[in-house]
Amino acid sequence: MDPTSIVARLTPHVVDPLIRRLFVADGPAAGPADRAVRISRLVSFTGEKPDLAEEELHGLAAALVERGWGAAPGVGKPAVTAALVRSLRALADLGMDDVDAARLLPAEFARRLCAAVPGVTRHLTANEARLHGLLLDVAARHILYFFTRRSAYVAATLVEETRTLAELLHGPDAAAPLPAPRTAEVKAVRDHAAPGPAAPGPAAPDSAAADTTAAHPADPASPACGTTAQDTAFEARYADRTAALHNHLTIFGIDLAHSPDSWPLDAAYLGLECEPGPQDADAAGPDEPPLPAEQALSGRGQVLVRGVAGSGKTTLLQWLAVATARDELPEALAGLRGRVPFLLPVRRFAREGLPSPATFLHAVGYQEAGAAPDGWTERVLGAGRALLLIDGIDEAPESDREQVRRKLGEWTLRYPGNVWIITSRPSAVPGNWLADDGFGEVSLAPMNREDVAAFIQRWHRAAAQQSPADLDRLGHYERTLLNAVRITRDLGRLATNPLMCGLLCALHRDRRGYLPNGRKELYDAALSMLLERRDRERAMAATDGVELTRQPKIQLLQKLAHWMLVNGRSEMDRATAVGTLARHLPAIPDAARQGGPEDVFRHLLNRTGLLREPTPGTVDFVHRTFQDYLAARATVQQHDFRLLLDHAHHADWEDVIRMAVALARPDECAALLDGLLAPHPGVRAAEARHRKLLAAACLEHATELDPAVRTRVRRFTRDMVRPTTPSAARALGWIGPIVLEMLPDPTHVSDREAQLLAITATSIADDMAIDYLTGLRDRAHHEVRAQLAGAWRHHDTDRYAREIIAHLEPAELYFPVSDLAELHTLRRLGGRPQLRIAGPFTPDQLIEGIRPAEGLTRLWLAYDLGVSMEWLSAFPNLDTLRVGRRIPPVRGVPEGMSVVQM
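Values in this document were obtained by computation on a predicted structure and should not be read as measured data.

**Description of the overall build of the protein**
Phase 1 of the analysis: In terms of regular secondary structure, the protein is built from 42 helices and 15 strands.
Phase 2 of the analysis: In the protein, the share of contacts with a sequence separation of at least 24, taken over all contacts with a separation of at least 6, comes to 69%.
Phase 3 of the analysis: When the accessible surface of the protein is split by element, carbon and sulfur atoms take 51% of a total near 37,300 Å².

**Observations regarding the packing of helix H32 (residues 654-663) against helix H34 (residues 685-698)**
Phase 1 of the analysis: One can describe the packing of H32 onto H34 by two numbers: an axis separation of 10 Å at closest approach and a directional angle of 40 degrees. Overall, the two elements H32 and H34 adopt an arrangement that is oblique. Viewed along their axes, H32 and H34 form a crossing whose handedness is right-handed. In this structure, H32 uses Glu654, Ile657, Arg658 and Val661 to contact H34, whose residues at the interface are His690, Leu694, Ala697 and Cys698.
Phase 2 of the analysis: Here the residues of the contact of H32 with H34 sort into 5 nonpolar, 1 polar and 2 charged.

**Structural notes on the sheet that holds strand E8 (residues 572-573)**
Pairing between sheet strands relies on hydrogen bonds along the backbone, with the strands arranged either parallel or antiparallel.
Phase 1 of the analysis: Read from one edge to the other, the open sheet built from 3 strands follows the order E8-E10-E9, with strand pairing classed as antiparallel. Edge positions in the open sheet fall to E8 and strand E9 (611-612), since each of these has one partner strand only.
Phase 2 of the analysis: Two strands pair when backbone bridges link them, and E8 and strand E10 (residues 618-621) are joined in this way by 2 bridges, in the antiparallel orientation. Bridge pairing links aspartate 573 to threonine 618 in E10.
Phase 3 of the analysis: Where helix H26 (residues 550-566) meets the sheet, its contacts fall on E8, E9 and E10, and the angle it forms with E10 comes to roughly 100 degrees.

**Here we look at the pairing of E10**
Phase 1 of the analysis: A two-sided burial pattern is seen for E10, the buried positions comprising Thr618 and Asp620 on one face and Val619 and Phe621 on the other.
Phase 2 of the analysis: Relative to E10, E9 is paired through 2 bridges, and the arrangement is antiparallel. Looking at E10, one finds that arginine 612 is bridged to aspartate 620.
Phase 3 of the analysis: Between E9 and E10, which pair antiparallel one after the other, the connecting turn spans 5 residues, and glycine 617 there sits at a positive phi close to 90 degrees.

**As for the sheet that holds strand E3 (residues 302-306)**
Phase 1 of the analysis: Spatially, 7 strands are ordered E2-E1-E7-E3-E6-E5-E4 in an open sheet, and the strand pairing comes out mixed. Edge positions in the sheet fall to strand E2 (291-292) and strand E4 (340-345), since each of these pairs with one other strand and no more.
Phase 2 of the analysis: As paired elements, strand E1 (residues 273-276) and strand E7 (residues 440-444) share 3 bridges and run antiparallel to each other. Bridge pairing links glutamate 275 to serine 443 in E7.

**Observations regarding the packing of helix H21 (residues 449-464) against helix H22 (residues 471-487)**
Phase 1 of the analysis: Two elements in contact, H21 and H22, have axes whose closest approach is 10 Å; the angle formed by their N-to-C orientations is 165 degrees. With respect to H22, the axis of H21 lies roughly antiparallel. Crossing hand, H21 versus H22: right-handed. Along its contact with H21, which presents Val452, Ala453, Ile456, Gln457, His460, Ala463 and Ala464, the element H22 presents Leu471, Leu474, Tyr477, Glu478, Leu481, Leu482 and Val485.
Phase 2 of the analysis: Broken down by class, the residue content of the contact of H21 with H22 amounts to 11 nonpolar, 2 polar and 1 charged.

**Some words on the packing of aromatic side chains**
Phase 1 of the analysis: Applying the stated rule across the entire model yields 15 aromatic pairs.
Phase 2 of the analysis: Here the aromatic rings of phenylalanine 23 and phenylalanine 146 are separated by 4.6 Å at their centres, their planes lie at 15 degrees, and the arrangement is stacked. Here phenylalanine 23, found in the loop between helix H2 (12-20) and helix H3 (39-42), pairs with phenylalanine 146, found in helix H8 (residues 126-150); they are 123 residues apart in sequence, far enough to count as distant.
Phase 3 of the analysis: On the basis of relative accessible area, phenylalanine 23 is assigned to the buried category, the value being 5%.
Phase 4 of the analysis: Note on phenylalanine 146: relative accessible area 10%, which makes it buried.
Phase 5 of the analysis: Aromatic ring contacts, followed pair by pair, group Phe234, Tyr238, Phe342, Phe360, Tyr366, Trp376, Trp411 and Trp420 into a single cluster.
Phase 6 of the analysis: For arginine 836, the ring lying beneath its charged end belongs to tryptophan 860, and the centroid distance is 5.9 Å.

**Focus on helix H27 (residues 574-584)**
Since the α-helix advances by 3.6 residues per turn, residues separated by three or four positions end up pointing in the same direction.
Phase 1 of the analysis: For H27, the complete set of buried residues consists of Ala577, Val578, Thr580 and Leu581. Across the axial projection of H27, the buried residues extend over an arc of 160 degrees, all falling on one side. Among the exposed residues of H27, those pointing more than 90 degrees away from its buried face are Ala575 and Arg583.
Phase 2 of the analysis: Close packing links the buried residues of H27 with H26, E8, helix H29 (597-607) and E10.

**Section: the environment of valine 739**
Phase 1 of the analysis: By secondary structure assignment, the location of valine 739 is in the loop between helix H36 (726-731) and helix H37 (751-762).
Phase 2 of the analysis: By relative accessible area, which is 0% here, valine 739 ends up buried.
Phase 3 of the analysis: If we skip the residues at most four places from it in the chain, valine 739 touches Val721, Leu732 and Ile764.

So, how was this worked out
Residues numbered from 1 in each chain as written. Predicted model: local features only at pLDDT ≥ 70, side-chain atom pairs only at ≥ 80, totals over all residues. Heavy atoms only, no water. Helix = DSSP H or I, 4+ residues; strand = E, 2+ residues; numbered from the N terminus. Contact = heavy atoms within 4.5 Å. Areas by Shrake-Rupley, 256 points an atom, 1.4 Å probe, with all protein chains shown as cover. Axes fitted to C-alpha atoms, helices over the stretch in contact; angles between N-to-C directions. Parallel < 35°, antiparallel > 145°, perpendicular 65-115°, else oblique. Left-handed = near helix turned anticlockwise from the far one by under 90°. Nonpolar A, V, L, I, M, F, W, Y, C, P; charged D, E, K, R; others polar. Pairing = 2+ DSSP bridges. Buried < 20%, exposed > 50% of the residue type's maximum accessible area, 1.4 Å probe, protein only. Phe/Tyr/Trp six-rings, centres within 6.5 Å; stacked < 30°, edge-to-face > 60°. Lys NZ or Arg CZ within 6 Å of the ring centre and 35° of its normal. Arc of directions from axis to C-beta.

See below:
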C-alpha cells in the first residue's frame, strides 16, 4: 500500500464536500461565528432529528474509503468503513471547542479522535488499520480547515495556523483569504491572546513543522490510533484467547452421569441486577429499583461492586471480559467497546500484592504472555484503552487491603482513561472505601422471584440438552421445585443467588424431589453428592490408584480449608497443599495406605469436584462458600473456638462462625455465643457491636440452644436494634428474620422512628416481615408509606398486596410495579393514580395492564424501557412523566405532557 498514491486520490475537491456534511449548515444551529463554539454543537449527526442520518454518515465514510482504497491488497472496505464511522462520530465527544481544535496539528487531532474510541482498529488487519489512519489524517486536516473558514473568530485568532492549513490542502499559493476582523473581533482576539491559562492541547507548531507533518503521512508502524500493526495482531489473538478462557460457568450437578465440568457462559449466564452503593443509598431510598448490571455500570469509569458469596461477582466479570473481547457488549456498555480486558483474580497474587503492568498477562493466566510485543500492556494502559476487572478484594489478607487500596489509587492517577471494575464481599472493606480515589459503588441485588424462576427453568433446560436417563422426569422436577421455592419459607430464603439456586436444582434432582431444609443440611447433602455419588453415577473406576470414601475426603479437604482460614488465604501453593496433607495422612489410615501425599492430592484435585488449579502450581476451592463451610467443620472438630472468637470481628470470618454455630454441639454453641457477647481484648467499640450483632444473626443456625443463652443474646442486642440513620437501619437486615423479634412495637413510635423501622423490616427479604409491617401500613407519613410500597418485590406478590399495598393511602404516593404479577395484581385492586415503573415491560404490556387507563395521572419511569414514549398517549389523563436520575433522556413524549428529569 503506497501512502502517497492514497493521499493523491484524496484531493480537496473530493474530500471537502464530504467533510462539510459532518457539520450543520450556516444558520442559528451552526453556532455563533464571533466566539469559540463547542464542536459537539457543530456536528450534524446528533440530536433527536439529526441533519445527517446514521445511514448517511455511513455512506459518507464509505465514499472516503472507496476513494482511498484503490486496489489496496488485503483490505476489506466494510471493516474500514465501520471503523471510520466510529472515529468520525467521536467528534461529538471530544469536549473541546473549534479554537482548541484548530490549535492542534492535524495528526494530533486525529489521535484525539482515536483516543475517544479505544480499540477502534483492533479487529482490522494491518493494512486496514493503516488505511484507516491515513483517511483519518486527511479528514482531520479538512475538519480543522473547515473550522477556520466557518468562523471569522477562529481565522482571526489563529492566523498562522489558518494559512498553514490552506497550504496543506491547496498548495503554497492558495493560502486562505482571511476576513478583515471587525472591532469586536479584534478586541476578542486581543483578549484571547492575553496571558492566562493555557488552552488544552499542545501549542500550534510553525508552518514548517506542520508542512513536514503533512508531507509525511502516518507511518504504518505508528498510525493515528496509537497501535502498531504488531500490537493489533497480538490484540486479536489475545481477545480470542480471553474469550475462550473465561467463557465457562460451573453449574453444580447438572447431570451426574454425563455432565462436563462447566457450561458455556453465553448459554448459562443469567443477567444480574445492581442496587445503589452506600454513597447513593440514603438519597435513593425505596425509589431506586435494582437495575440490570449493564445499566448500573453504564458510564462508570471506576466502580466497586459488592456482593455476598455466590451472588455472581466473578461471573459478572467473566461476562464483561468475554463480551468485551468478542465485541458483543450491549448498547448500555457501548463505552467499553474496543477496550482490552484484563481479568485479575486477587487470590492469585494476594501474597505478592497487585501485579505490575509488565506481569498482567501472567496474572490473568494468558499462556502466551511471552509473545506480547515489548511494552504492549504499558501502551494499552497509557492510551486509556484497558478494562481492568479486579476480582475479590476480600481475598487479600485483611492486613494487606490498605496497601491494595493505595496501589489502586496510584494506578488510576498514573493511567487515566481506563475503566476499573473491582469486586468484594460486602463487609470486607468499609463503605466508600475507594471514594477518595474516584470510585463509585453498586451492590449485586439478591435474585428476585422472577430471577429464581428463570434460573430454575434454564438449569433444567440445560440438563435436558444432555439427553439424560431421567429426561422424562425433568419437567416434573422443574415444576415441583418452582412450587417448593415459592411456598416453602426455608427454601425461599436459601434461593437468593446463583450458587444456592444451582445447588437446590442439583440436589432436588439428585434426591428425586426431596430437599434438605437448612443451610447446614444443604451443604452436607451437596458434599455427599459431589464427593460420593458423582463418580459412582458416572460409573467411573479409580484411574489414579486411589479410591476414597466420602468421610476421608471430607477430612482431608477440611485440613486444606483450615490452613487457608488460619493463614488468611483463599489459594495455596501446590507444595503447601501436599505438605499439609503429608502432616495429616498418618491420622487417616484409609487414605494413607492408598498412596503418598502427592497421590492423594492429585486424587482430591481431579476427583472431588471441589478443588481446582487456577494456575499451574496453585490450588483453591471452586467456591469460597465451600472453603468456609469445610473450615468451620475442621475448627469445630478441633474444639478451637478460641480461634473463632479471636477473629469474630473480622468480616471475612462471619460465614465461618455462622456455620460453626450450626455444626457445634449445644454446649459448644452456648460457649461460642457467650464469647461473642463478652468483652474481648483489643476489640474496639464498633467491633464489639459487630460481634454482638453476629451473635444475634447466629441464633437462627443453632439447632439446640439453652434458652438462657438465647435470652442473653436478645437482651444484649435489644437496644442495638433501634437504628438512628437509614444506613444503620439497612445494616440490620443482614441479621435476618430474628431481628423482627427484637424490634419495638411499631404502633407507639414517632413517624421518624417508624420510617427507620420500616427500612429495617423491609430490608429482610422474608415474608415474616409482612406481619411486622402491618403495624406500619396505616401511617399517613409519606416516607413510611413509600418505604412499604417499595418493598413489594421482595415478598409474595398476592399476600403483600392484600396485607400492605391495599391499605396504603394513595395520596401523593407512587406505587411500584416491577413485573407482570404486580401489574395485574394492582389492576385487580382497582389501579392507582400514580405508578412507578420499576422493571422491564413492553408498551403493550403496560397499556393492557394499567387499568382504568383514565385513572392514571402521573407516571414515574425508574427503569429504562429503551423505547420511545409515544405509547403514553393511551392514558388520556396522564399529565406528568417523571424520569429517574439513572435513566437517559426520553423521546417521543406526547405533546402537552410535562417531563420532570430527576
